[in-house]
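Examining the three-dimensional arrangement
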Amino acid sequence: MRRNLWALVVLAWVSTAGLAAAADRWVHVKVIEAGEDGERVRINIPLSLAEKVLPTIKADKLRDGKIKVDEHTLDRVDLRALLEAVRDAQDNEYVRVESSHEDIRVAKSGGFLLIKVQDFDPANRKTSQPGEHKHHSTVNIKVPFPVVNALLSGEKDELNVLAAIRVLSDYQDVDLVTVSDDSSTVRVWVDSRNVAD
Amino acid sequence: MTPNVAILGASVTLVTMTGAFVCSMGMVQVKVQSKSPGGEHIRVIAPAMVLPVGAMLVPKEKVREVSRQLQPWLPTIRAATEELLRCPDGPLVQVDNRHEHVKIAKVGNALVIDVDDQTETVHVSVPLRAAAYACSRLAGGAQAEHEATPGQPI
């Protein structure tokens, strides 16, 4: 009897720990505006909440956890084929586009897809030495490849956000997006804490 | 036992049971403290059960409008409520600037909203189930009645 009771206690503890772990991932968004009057916004959402709520939303572009994307946006590039090629390749910088007003880099590193976009003031760029120019804004995106695959697992003209969130919940601490420009900084990340720092 | 004692006992039981039922969804708290000298201080604590009752006092035309807007979002509200109840307590949204601080947090089974600006501080605490139930009632219909009854999981 006593042994059965202990077995039950252990089973209950393991189940609860499992549930807690599943509910443990939080997605955080932090926006800090520059200046004295700048706002500071912090949002903390449990991934499990997003996972449960997304399928219930039946809006115009967001339905069943999938976002409809303008077909023309995805028509130009076969994203799936591109990612497939990059996924099986070695870590490297695969795309670099430099123009008078921006630098775009796409790389693969340690199972993550890295995208960096830097926006410049063209006048400033012409007069400054390489590497010295000031950027207007910098966007860094770091997404695990399985999450990207899940995101693109739907139809050609849709992004499967729900599938991406499910895969994302398997990861520990990940900085997904950082954006910084003259007026504000934005950070989106996932971790196991329920408060943003 | 005399008839008077029996009636008294039944009355006390009835009042206790009614009180327990009315409070079963928790309490709604609203506190407003003006910062101006001699400003008002409002404090309301009421059973969450009164939320749908309050909705009944809203003009029918307004209720119809709100109902139409709420109806498609009921599954979302229900899912969010259920999941929030399972989540650990913590701040969900915080907005701060020089003049105003807004915080929406989950505390226990309630959603707590705190606003602190230059003129007043506002504190609102609404039990999650009660808020979802009030939305269901507002959205109206027998279906809502069936799916979310007081004290039952939504």
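Residues numbered from 1 in each chain as written. Chains lettered and ligands numbered in written order. Predicted model: local features only at pLDDT ≥ 70, side-chain atom pairs only at ≥ 80, totals over all residues. Heavy atoms only, no water.

**Structural notes on the interface of chain B and chain A**
How big an interface is tends to be stated in terms of accessible area lost as the parts join. Threshold: Contacts are assigned to residue pairs that have any heavy atoms within 4.5 Å of one another. A simple way to read buried area is as the amount of 1.4 Å-probe accessible surface that goes missing from two parts once joined, with both sides added. Put simply, a salt bridge is a Lys or Arg side-chain nitrogen that is within 4 Å of an Asp or Glu carboxyl oxygen. As used in this structure description, the phrase polar contact means that two N or O atoms lie within 3.5 Å; if the pair is within protein, one of them must be able to donate a hydrogen and the other to accept it, and residues adjacent in sequence are counted only when both atoms belong to side chains. Secondary structure follows DSSP: runs of H or I at least 4 residues long count as helices, runs of E at least 2 residues long count as strands, and numbering of each begins at the N terminus. The nonpolar class holds Ala, Val, Leu, Ile, Met, Phe, Trp, Tyr, Cys and Pro. Asp, Glu, Lys and Arg form the charged class, and all remaining residues, Gly among them, are polar.
Tallying the contact residues gives 21 residues for chain B and 19 residues for chain A. Here chain B and chain A share an interface that buries about 1800 Å² over both sides, 54% of which is from carbon and sulfur atoms. Linking chain B to chain A there are 4 salt bridges. Among the salt bridges present, the one from Glu 83 of chain B reaches Lys 52 of chain A, with a minimum N-O distance of 3.2 Å. Counting the contacts that link chain B with chain A gives 12 residue pairs in polar contact (both at pLDDT 80 or more). Listing elements by their share of the side of chain B that touches chain A, those giving two or more residues are helix H4 (74–86) and strand E3 (90–96) of chain B. The class makeup of the residues in the side of chain B that touches chain A is 11 nonpolar, 5 polar and 5 charged.

**A look at the environment of Val 177 of chain A**
Residues and elements named next belong to chain A. Looking at the element boundaries, Val 177 is found in strand E10 (residues 174–181). Spatially, the C-alpha atoms of Val 177 and Ile 115 are 9.5 Å apart, while their sequence positions differ by 62 residues. If we ignore the near neighbours within four places in the chain, the residues touching Val 177 are Asn 140, Ile 141, Val 186, Arg 187 and Val 188.

**Here we look at unusual backbone geometry**
All names here are of chain A. Put simply, the rule is: Exposure categories follow from relative accessible area, calculated using a 1.4 Å probe and restricted to protein chains: below 20% of the type maximum is buried, above 50% is exposed, and the middle band is partly exposed.
Of note in the backbone geometry, Asp 64 takes a positive phi value of approximately 55 degrees without being a glycine. Note that Asp 64 resides in the loop between strand E3 (62–63) and strand E4 (66–68). You can call Asp 64 partly exposed: its relative accessible area is 39%.

**Here's the deal with the sheet that holds E3 of chain A**
What links the strands of a sheet is backbone hydrogen bonding, and the strands pair in either a parallel or an antiparallel sense. Residues and elements named next belong to chain A. Worth spelling out the cut-off: Whether two strands pair comes down to DSSP finding at least two bridges between them. Note on geometry: axes are lines fitted to C-alpha atoms, helical ones only across the stretch in contact, with angles between N-to-C directions running from 0 to 180 degrees.
Taken in spatial order, the 3 strands line up as E3-E4-E9 in an open sheet, and their pairing is antiparallel. Each edge of the open sheet carries a strand with a single partner, namely E3 and strand E9 (158–160). As defined by bridge partners, E3 adjoins E4 across 2 bridges and the pair is classed as antiparallel. Looking across to E4, one finds that Arg 63 is bridged to Lys 66. Its contacts with the sheet place helix H7 (residues 161–168) against E4 and E9, and it is angled at close to 30 degrees to E9.

**Considering the packing of H4 of chain B against helix H5 (residues 128–139) of chain B**
Residue and element names in this part refer to chain B. The condition that has to hold: The labels follow the angle: roughly parallel below 35 degrees, roughly antiparallel above 145, roughly perpendicular from 65 to 115, and oblique for the rest.
Where H4 meets H5, the axes come as close as 10 Å, and the angle between the chain directions of the two elements is 170 degrees. Looking at the two axes, H4 sits roughly antiparallel to H5. Contact residues: Leu 74, Ile 77, Arg 78, Thr 81, Leu 84 and Leu 85 in H4; Leu 128, Arg 129, Ala 132, Cys 135, Ser 136 and Ala 139 in H5. Here the residues of the contact of H4 with H5 sort into 8 nonpolar, 2 polar and 2 charged.

**Here's the deal with the packing of aromatic side chains**
Our working rule: By convention, a stacked pair of Phe, Tyr or Trp rings (six-membered ring in the case of Trp) has centres within 6.5 Å and planes under 30 degrees apart, an edge-to-face pair has planes over 60 apart, and any other such pair is tilted. Whether a charge sits over a ring comes down to the Lys NZ or Arg CZ being within 6 Å of the ring centre and within 35 degrees of the ring normal.
This structure, assessed with the given rule, holds 1 aromatic pair over all chains. Residue placement shows Lys 142 of chain A over the ring face of Phe 112 of chain A; its charged tip is 4.7 Å from the ring centre.

**Concerning the pattern of salt bridges**
A full pass over the atoms with the stated rule returns 17 salt bridges over all chains. Between Arg 166 of chain A and Glu 51 of chain A there is a salt bridge, with its nearest N and O atoms 3.5 Å apart. Of this pair, Arg 166 of chain A sits in helix H7 while Glu 51 of chain A sits in helix H2 (residues 47–53); the two residues are 115 residues apart in sequence, bridging distant segments of the chain. Accessibility expressed as a relative area gives 26% for Glu 51 of chain A, which makes it partly exposed. As a salt-bridge pair, Glu 158 of chain A and Lys 66 of chain A come within 3.9 Å of each other at their nearest N and O atoms. Of this pair, Glu 158 of chain A sits in strand E9 while Lys 66 of chain A sits in strand E4; the two residues are 92 residues apart in sequence, bridging distant segments of the chain. A cluster of three or more residues bridged by salt bridges with shared partners is formed by Lys 52 of chain A together with Glu 82, Glu 83 and Arg 86 of chain B.

**What about the confidence of the model for chain B?**
Residue and element names in this part refer to chain B. Keep this limit in mind: Confidence scores labelled pLDDT are given residue by residue by the predictor and lie between 0 and 100.
Per-residue confidence for chain B gives a mean pLDDT of 81; residues scoring 70 or more make up 84%. Note on residues 142–146: pLDDT is under 50 here. Beyond four places in sequence and across chains, it has 2 contacts. Our summary of model confidence lists the complex with pTM equal to 0.74 and ipTM equal to 0.72.

**Structural notes on the side chain of Thr 56 of chain A**
Of note, Thr 56 of chain A is situated in the loop between H2 and E3. A polar side-chain atom of Thr 56 of chain A sits 2.9 Å from a polar atom in the side chain of Thr 76 of chain B. With residues up to four places along the chain from it excluded, the contact list for Thr 56 of chain A reads Pro 75, Thr 76 and Ala 79 of chain B.

**Side note on the packing of helix H3 (residues 60–70) of chain B against H5 of chain B**
Residue and element names in this part refer to chain B. What counts is decided by this rule: Crossing handedness: left-handed means the near helix sits turned counterclockwise from the far one by under a right angle, and right-handed means the same turn made clockwise.
Running from N to C, H3 and H5 point in directions that differ by 115 degrees, and their axes come no closer than 8 Å. The angle between the axes of H3 and H5 places the two elements in the roughly perpendicular class. Two packed elements cross with a definite hand, and for H3 against H5 that hand is left-handed. On the side of H3, the interface is formed by Val 63, Val 66, Ser 67 and Leu 70, while H5 contributes Cys 135, Leu 138 and Ala 139. Of the residues that constitute the contact of H3 with H5, the class distribution is 6 nonpolar, 1 polar and no charged.

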